[in-house]
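Okay, here's what each chain looks like letter by letter:
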Amino acid sequence: MTPADLAWLPLAPILTPMGLGLLLLYPWRRPVRVGLAFAGALLTLLFAAGLVAATAGGTVLSSSLGGWPAPFGIVMVADRLAAWMSLLAALSGLLAVWQAAADPDPVREKHHFFALLFFLFTGVQMSFLTGDLFNLFVAFEVMLVASYALAVLGSTREQLREGFRYIVMNLVASALLVVTCGLAYGVLGTLNFAHLAQRSAELGPNTTVTAVGVLLLVVFAAKGALFPLGFWLPGTYPALPPAAGAFFAAVLTKVGIYALMRVFTTVFPQDPALPNTLLLGLGAVTMLFGAFGAVSQREWRRILSFTVISSVGYLAFGLGLGTPEALRASVAYLAVSVLVTAALFAIAAVAERAAGSRLVRMRGMLDFLPLLAGCFLLCALTVAGLPPTGGFVAKYALVRAGLAQGSPLALVAVVSALLASLVLLYAMLSVWRGFFWGRHLLTFPVYRVPLGLRGVAYTATALVAGLTLFAGPLFGWAEATARELRQPEGYIRGVLGTDPVVIPPPPTLPEEP
Amino acid sequence: MEPLFALIIGLLVAAGVFLLLSRVIVRVVLGLSFIAYAANLAILTVAGLRDVSPPLLTLPGPYTDPLPQALILTAIVIGFATTALLLTVALRAYQVAGHDDVAAFGDNLARDPDAQDGSFADPEHQSPDRPDVEDEEADPAPTGGRP
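For the structure given in this document, a descriptive report is provided here. Positions within a chain are numbered from 1, following the residues in the order the chain's sequence is written. The lettering of chains begins at A and the numbering of ligands begins at 1, in the order of writing. It should be noted that, the model being predicted, local features are given only for residues of pLDDT at least 70 and side-chain atom pairs only at 80 or more, the latter also being counted only at that level, while totals for whole chains, interfaces and linings use all residues. To get the side-chain values, all heavy atoms of the structure are used, and hydrogens and water are removed first.

**Let's talk about the overall build of chain B**
Only DSSP runs of H or I with at least four residues qualify as helices, and only runs of E with at least two residues qualify as strands; both kinds are numbered from the N terminus onward. A count of helices and strands for chain B gives four helices and zero strands. Secondary structure of chain B in N-to-C order comes out as α-α-α-α. Accessible area is worked out with a 1.4 Å probe on protein chains only. A residue is then buried under 20% of its type maximum, exposed over 50%, and partly exposed in between. Split into buried and exposed, the 147 residues of chain B put 31% on the buried side. The contact definition used throughout considers only heavy atoms, calling two residues in contact when any of these lie within 4.5 Å. Restricting the contact set of chain B to residue pairs at least 6 apart, pairs at least 24 apart contribute 56%. Using the Shrake-Rupley algorithm and a 1.4 Å probe, accessible areas are obtained, with residue cover drawn only from the displayed protein chains. Carbon and sulfur atoms form 67% of the exposed surface of chain B, whose accessible area is close to 8,700 Å².

Dropping the structure here:
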């Protein structure tokens, strides 16, 4: 099929969760609601997989909203990276729906928990698939408004505190994004990613364009929780209900990283020195911050939230190196990080339920939940980056790319990456020692966990293990993605076509009769 | 014209940041609104302030560029929604705590997760002015398909 036949496909993963979200606003009985949610999540996953299959050959799919041609109207674009992110988000979404279905929460579900979850999926998919800077802002807002509502849904005092901080932080970042959109339009006269790329290439290295790029870096660093701007994250995610928290942790920070990748490889690749230095430095600090933060905590999901921060640091490091190998390793690590975070949060939900406490203090759970202990060990090794896991393969590729690049800052970042891995290993092992290992004290009761909830953790871990087994094809895909990102011409051609863009002359006044 | 606008934008942002750093929740909300207005003005300014016709074909050209105005309109609509949501959160905080200081949210430092803090502040809106509870009682058949 030609790209024109498949032009509807980039819209499908956005419109499916949106429609389902609207449907779920009706107060159905719980089984109907859960069935609808599962159907919606599966359908989104199917469309996202279709996108990956359609873009595997290097095709760039583009659908113009309302039939307005590319630089004038809004387009939804799917290239390899966008399709890949869409698939990962859909997969985490399915796991989150499963977790929510297995863990009934009548108060929150009465207040449209499932509908908000689907609006969140809509925003996330739209952020990955949009081909327009201002539309990216709109997608962020759709995603964030749903996430604000999910963050405070239930109104525990903790949720209100953390939710308020999260909302204020993101609103300030959004205001900055709006200003940056305006600046980009003022400098380059367009907001379409492909057209921006074309015009900034014509302009060559330009300090004003670099300034716009750095402003975007600040915005996406706030959304992606890079070091000085990520303070809201470790408080917010543990305050969420477990299912929503798992999806937030797995995907929402990666939206910021995706936007950084898109902006600094496709849109503004001309003058990479300053953004790359910033990304390398911030990434190096972020991974250490996350690792040491993880050591300092005693609660399951607080520890895991800090590991999320650490993984963002590794991704920024890979992006900041700016070499093809580093980009390839980052794309592969992105997949590992999304899936392992989803798996670890699912494991944490089971562990918290079994122990009846959010603290890691149980000891001896190996006797009660042996399979969960195995899952945790695999995920912990993946986070720390030890063989034989996909985390090791991806981190090894990152470190090797850092050594190959060889600038002093890159070497510092490599040292920081290795140190952070070591500290993360210590943090994960102290969770292992504090929860699974040792002798169980009879004073602490162990609660039964429904099989559905345990199933999420097992399935997610199976996906993480699958990444290890299929690391070869994963790196093949990452290689192709990185190659495509290095050559924005394909993306530009896919969106704008081969003809040069002609801005029509202003219309003349119709003749007076 | 541009220097004047730059000055106004700077003033708005300064006022916004000042209010944002306040301890009173409503002032934080107002500060965010100021920053959003400054952002909208900034878009209008960078796209070019010119003394030309509005983009309507019935008027003689040259026309002003309608796109920045469309962007601002979108940003205003979104800002309206987020401000409403933020005010709702602020109201809930007030209902839970009875005052509108940031301390209403409790202290994040050195918190004990097993303390009362982590539990539901109220199952069905036990606030200083308990309006929602009466609503619930007035409606004996609650919506929603709970078994």
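**Here's the deal with the pairing of strand β2 (residues 75–78) of chain A**
All names here are of chain A. Side-chain alternation along β2 places Val75 and Val77 on one buried face and Met76 and Ala78 on a second face that is also buried. One bridge is not enough; two strands pair if DSSP finds at least two bridges between them. Looking at chain direction, strand β1 (residues 61–64) and β2 are connected through four bridges and run antiparallel. Across the sheet, Ser62 pairs through a bridge with Val77, a residue of β2.

**Quick look at the packing of aromatic side chains**
All names here are of chain A. Aromatic contacts are taken between Phe, Tyr and Trp rings whose centres are within 6.5 Å, Trp giving its six-membered ring; a plane angle under 30 degrees counts as stacked, one over 60 as edge-to-face, and the others as tilted. Scanning all chains against the criterion turns up 25 aromatic pairs over all chains. Between the aromatic rings of Trp84 and Trp477, the centroid separation amounts to 5.8 Å while the plane-to-plane angle is 45°, which identifies the pairing as tilted. Of this pair, Trp84 sits in helix α3 (residues 80–102) while Trp477 sits in helix α19 (residues 471–486), placing them 393 residues apart in sequence. Relative to Phe137, the ring of Phe134 lies with its centre 5.3 Å away and its plane at 50°, an arrangement referred to as tilted. You can see Phe134 and its partner Phe137 sitting in helix α6 (residues 133–152), three residues apart, about one turn around the helix. Among the aromatic residues, those joined into a cluster by ring pairs are Trp300, Phe376, Trp432, Phe435, Phe436 and Trp437.

**Comments concerning empty space enclosed by the protein**
Gaps between atoms show up when a probe of the same size as a water molecule is rolled over them. All names here are of chain A. Put simply, the grid is 1 Å and covers the protein atoms alone, a cavity is a trapped set of points that fit a 1.4 Å probe, a pocket is an open set with protein on both sides within 12 Å along at least five of seven lines, and lining residues have an atom within 4 Å of a point. Grid points are joined across faces, edges and corners, and a volume is the space filled by probe spheres set on the points. What the rule picks out here adds up to seven cavities of 30 Å³ or more. In terms of lining, the largest cavity is formed by 15 residues, of which the most central are Thr307, Ser311, Tyr333, Val340 and Val383. Mapped by element, the contributors of at least two residues to the lining of the largest cavity are α13 (300–321), α14 (324–355) and α15 (370–384). Take the lining of the largest cavity: its biggest share by element is seven residues, from α14. All residues other than Ala, Val, Leu, Ile, Met, Phe, Trp, Tyr, Cys, Pro, Asp, Glu, Lys and Arg, Gly among them, are scored as polar; the first ten of these are nonpolar and the last four charged. Class assignment for the residues of the lining of the largest cavity results in nine nonpolar, six polar and no charged. In this structure, the second largest cavity occupies an estimated 80 Å³ of space. For the second largest cavity, the full set of lining residues is Gly204, Pro205, Asn206, Val209, Thr210, Gly213, Phe264, Phe268, Gln270, Asp271 and Pro275. When residues in the lining of the second largest cavity are grouped by element, the largest group, three residues, is from helix α9 (residues 207–224). Counted by class, the lining of the second largest cavity contains five nonpolar, five polar and one charged residues.

**Focus on the pattern of salt bridges**
Residues and elements named next belong to chain A. Salt bridge criterion: a side-chain nitrogen from Lys or Arg within 4 Å of a carboxyl oxygen from Asp or Glu. Tallying each qualifying case throughout the model produces 11 salt bridges over all chains. Across the pair Arg30 and Glu109 runs a salt bridge whose closest N-O atoms are separated by 2.6 Å. Of this pair, Arg30 sits in helix α2 (residues 30–55) while Glu109 sits in helix α4 (residues 106–110), and the two are 79 residues apart along the sequence. For the pair Arg30 and Glu109, one class covers both residues: buried. A salt bridge links Arg161 to Glu162; its shortest N-O distance comes to 3.2 Å. Comparing Arg161 with Glu162, the two get one shared label, buried. One network of salt bridges, with partners in common, ties together Arg161, Glu162 and Arg165.

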